[in-house]
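# Observations on chain architecture
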Amino acid sequence: MRLGKATREAYGEALAELGAEDPRIVVLDADLSKSTMTMQFAKRFPDRFFNVGIAEANMVGIAAGMASCGKIPFVSSFACFLMCKAFDQLRLGVAYSNLNVKVVVTHGGISIGEDGVSQMSVEDVALACALPGFTVVVPADEEETRMAVRAAARHNGPVFIRTGRPKAPVVYEAGCDLTLGRAKVVRRGNDLTILANGLLVAEAIAAAEALAARGVHARVLDVHTVKPLDEQTITKAAQETGRVVVAEEHLLYGGLGSAVAMCLARTRPVPMRFVGLNDTYAESGKPADLMRKYGLTADRIVQAAEELL
Amino acid sequence: MQSAQADLTVPQLEEMARRLRRDVITMLGAAGSGHPGGSLSAADIVTALFFRILSQNPRDPAWPDRDRFILSKGHAAPVLYAALAERGFIPKEWLSRLRQIDSPLQGHPSVRDLPAVEASTGSLGQGLSIGLGMALAGRMDGKAYRVYVLLGDGESEEGQVWEAAMAAAHFRADNLTAILDMNGFQLDGPTAQIMNPMPQADKWRAFGWHVIEVDGHNMAQVVSALESAREVKGKPTMVIAATVKGKGVSFMENNNEYHGKAPTAEQVEAALKELGGAA
């Protein structure tokens, strides 16, 4: 699978395009616009861009105020800073008030690499899911990110989108659609199902290819929307394949795996395995080395699948 | 006519403030819980805003050009609800349902439950940022509305207040006015002892604000400060209002026991007697 752009880069491009289409869109950043890529919007629409400095809590509060006056604010920072430093503002100012704020974080997961744990986010999806009314999206590649950003702008209500730092493998070579809350079957198969999102979708496809070489046909679902979860597609997959592996670049507690388990426990209990960070932080290192060391790879997904076969 | 600014005279405002205080006491007595001290200290400021300063229309509460008021010190919700009722935004009967299940009058203001309030507050420190967002949105849209945010002095210990203070000056938000209800107390005791936020005026000036200091119970001073804030260009204005916690009820004044304790039935009666008018 060839490497495409980083999902954060696709976000920056999509946002600048959207800015031309909808004058209600405003963008706020907390001194990371060169990294979050909101700089592209800032250059084109300086009057609708607000760099609030290194003050994430204030940024989210300002966005809430703007949203209450009819703007569609996109707020961005690294996933860890935005979700951890401004969680109370997201809770009271945005979620509880059900305001139309789009929270697009970058540098999600451990694949940011060398900067290390203080800049990594392994809990952002759990935090976003803990905000009632929020739609929570983790796109897999550049094209899906573009579609997610567009869908978020169209959706009336708070949305969280997680993007990443490194170049992402291209899952959707021919482009893709995205409907919030609707998982995508990216590979057919009836022996087991691998559900993944973000960078782990490419790993899931690689794992399915490895398994296919041994005559095991895995279905792969791109569950880009963690909340609301596509219970129908996931339940059908469990029903038809009888085994489920969930893979994500996130803590096992509170992420996609938890959400899928909660769904299937009720609708169609089947044996499951979970690939993710098991109650741990990571460390500094090259992204690929980190993904290997912390078990976020195709190999690890294959191992998990084998435990079920 | 879209705008319907109440334009009470100072004596009328003083009478209205007395009514709001009576409402606060009655509501809290009925609710059996809540925050009298900080509601009473803010009563004159809130009265000046709702009955003299704010350009709003009770018949069209969502009027896009309305002035916005945010009660950042959300625990003073009773005085906000009293003002909304007396001004005609909500039925007066609702006041007796403060803090009860299925009531729009939540313990702290909730825009989800009561759209007549501009923002959900109660986790201290957030209102000024939200108000700044509204002010910046208004400026982007070329609207003339103004935004008013009422803060507590204890609340000013929150770091986010100063993030917002810095940003409001940086963005030259001269359509934003903050009012500090400086009653000198916070939950655990006198602010000077718990975490001294003084000197307030110097801090706000250093952050780039125009500062006006008033006696927060002198209606003429409060009105005059809020009116003059409209004329300040290029920077936001902070009105620092020296107030008395529990103002208007002798046994609550400067008695921090009533920060978050509702009056008993007997105390309600005594308080209403002091505030004038039959129980």
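Residues numbered from 1 in each chain as written. Chains lettered and ligands numbered in written order. Predicted model: local features only at pLDDT ≥ 70, side-chain atom pairs only at ≥ 80, totals over all residues.

### Some remarks on the domain arrangement of chain A
Residue and element names in this part refer to chain A. For chain A, the assigned domains are domain 1 (3-169) and domain 2 (184-308). With centres defined by C-alpha atoms, the gap from domain 1 to domain 2 works out at 25 Å. With 28 residues of domain 1 at the interface, the matching set in domain 2 holds 29 residues. Within the residue set of the side of domain 1 that touches domain 2, elements represented by two or more residues are α7 (124-129), β6 (135-137), α8 (142-154) and β8 (167-169). For the side of domain 1 that touches domain 2, the per-class residue count stands at 17 nonpolar, six polar and five charged. (Domains from an automatic or database assignment. Contact = placed C-beta atoms within 7 Å. Helix = DSSP H or I, 4+ residues; strand = E, 2+ residues; numbered from the N terminus. Nonpolar A, V, L, I, M, F, W, Y, C, P; charged D, E, K, R; others polar.)

### A short note on the interface of chain B and chain A
In this complex, chain B contributes 22 residues to the contact, which on the side of chain A involves 23 residues. If you list the elements that add at least two residues to the side of chain B that touches chain A, you get α5 (127-140) and α6 (159-170) of chain B. With ten residues, the top contributor of residues to the side of chain B that touches chain A is α5(B). Here the side of chain B that touches chain A is composed, by residue class, of ten nonpolar, nine polar and three charged.

### Observations concerning helix α10 (residues 231-241) of chain A
Residues and elements named next belong to chain A. Residues of α10 that are buried include every one of I234, A237 and A238, and no others. Around the axis of α10, the buried residues are gathered within 95° of arc, so they sit on the same side. Its buried side turned inward, α10 meets β10 (192-196), β11 (218-222), β13 (244-251) and α11 (256-267). Two residues or fewer past α10, G242 is found with a positive phi of approximately 75°. (Buried ≥ 20, exposed ≤ 12 C-beta atoms within 10 Å, placed from the backbone. Arc of directions from axis to C-beta.)

### A look at the nonpolar core
Residue and element names in this part refer to chain A. With 204 residues, the main nonpolar core has I194, A204 and I301 as its most contacted residues. Taken domain by domain, the makeup of this core includes at least three residues from each of domain 1 (3-169) and domain 2 (184-308). Not counting residues up to four positions away in its chain, the partners in contact with I194 are A204, A207, A208, A218, V220, V245, A247 and I301. (Core = buried A, V, L, I, M, F, W, Y, C linked by C-beta atoms within 7 Å.)

### Looking at the sheet that holds strand β3 (residues 176-182) of chain B
Residue and element names in this part refer to chain B. Strands sit in the order β1-β2-β3-β7-β6 across an open sheet of five strands; the sheet is parallel. Every interior strand has two partners, whereas the edge strands, β1 (68-71) and β6 (210-215), have only one. Adjacent strand axes in the sheet meet at a mean angle of 20° when their direction is disregarded. Summarising the sheet, β1 and strand β2 (residues 147-152) pair through four bridges and their orientation is parallel. What sits directly across from F69, in β2, is Y148. (Pairing = 2+ DSSP bridges. Axes fitted to C-alpha atoms, helices over the stretch in contact; angles between N-to-C directions.)

### Comments concerning helix α6 (residues 87-95) of chain A
Every buried residue of α6(A) is listed here: Q89(A), L90(A), L92(A), G93(A), V94(A) and A95(A). Contact partners of the buried residues in α6(A): α4 (56-68) and β5 (102-106) of chain A together with α5 of chain B.

### Description of the packing of helix α3 (residues 43-53) of chain B against helix α4 (residues 77-87) of chain B
Residues and elements named next belong to chain B. Contact geometry of α3 with α4 gives a least axis separation of 10 Å together with a crossing angle of 30°. Of the two possible hands of crossing, α3 and α4 adopt the one that is right-handed. Taking contact as the criterion, the partners of A43, V46, T47, F50 and F51 in α3 are, on α4, V79, L80, A83 and R87. Across the contact of α3 with α4, the residue classes break down as seven nonpolar, one polar and one charged. (Left-handed = near helix turned anticlockwise from the far one by under 90°.)

### Section: the environment of P23(A)
Residues and elements named next belong to chain A. Assignment of secondary structure puts P23 in the loop between α1 (7-21) and β2 (25-29). With 13 C-beta atoms packed within 10 Å, P23 lands in the partly exposed category. Note: C-alpha distance between P23 and R48 (25 residues apart in sequence) is 8.5 Å.

### Focus on the pairing of β6(B)
Residues and elements named next belong to chain B. Taken together, the six bridges between β6 and strand β7 (residues 237-242) define a ladder with parallel strand orientation. In the sheet register, D215 faces β7, and the bridge partner there is A242. Between the parallel pair β6 and β7, the chain is carried across by helix α9 (residues 219-229), and the sense of this crossover is right-handed. (Right-handed = clockwise from strand over helix to strand, strands pointing away.)

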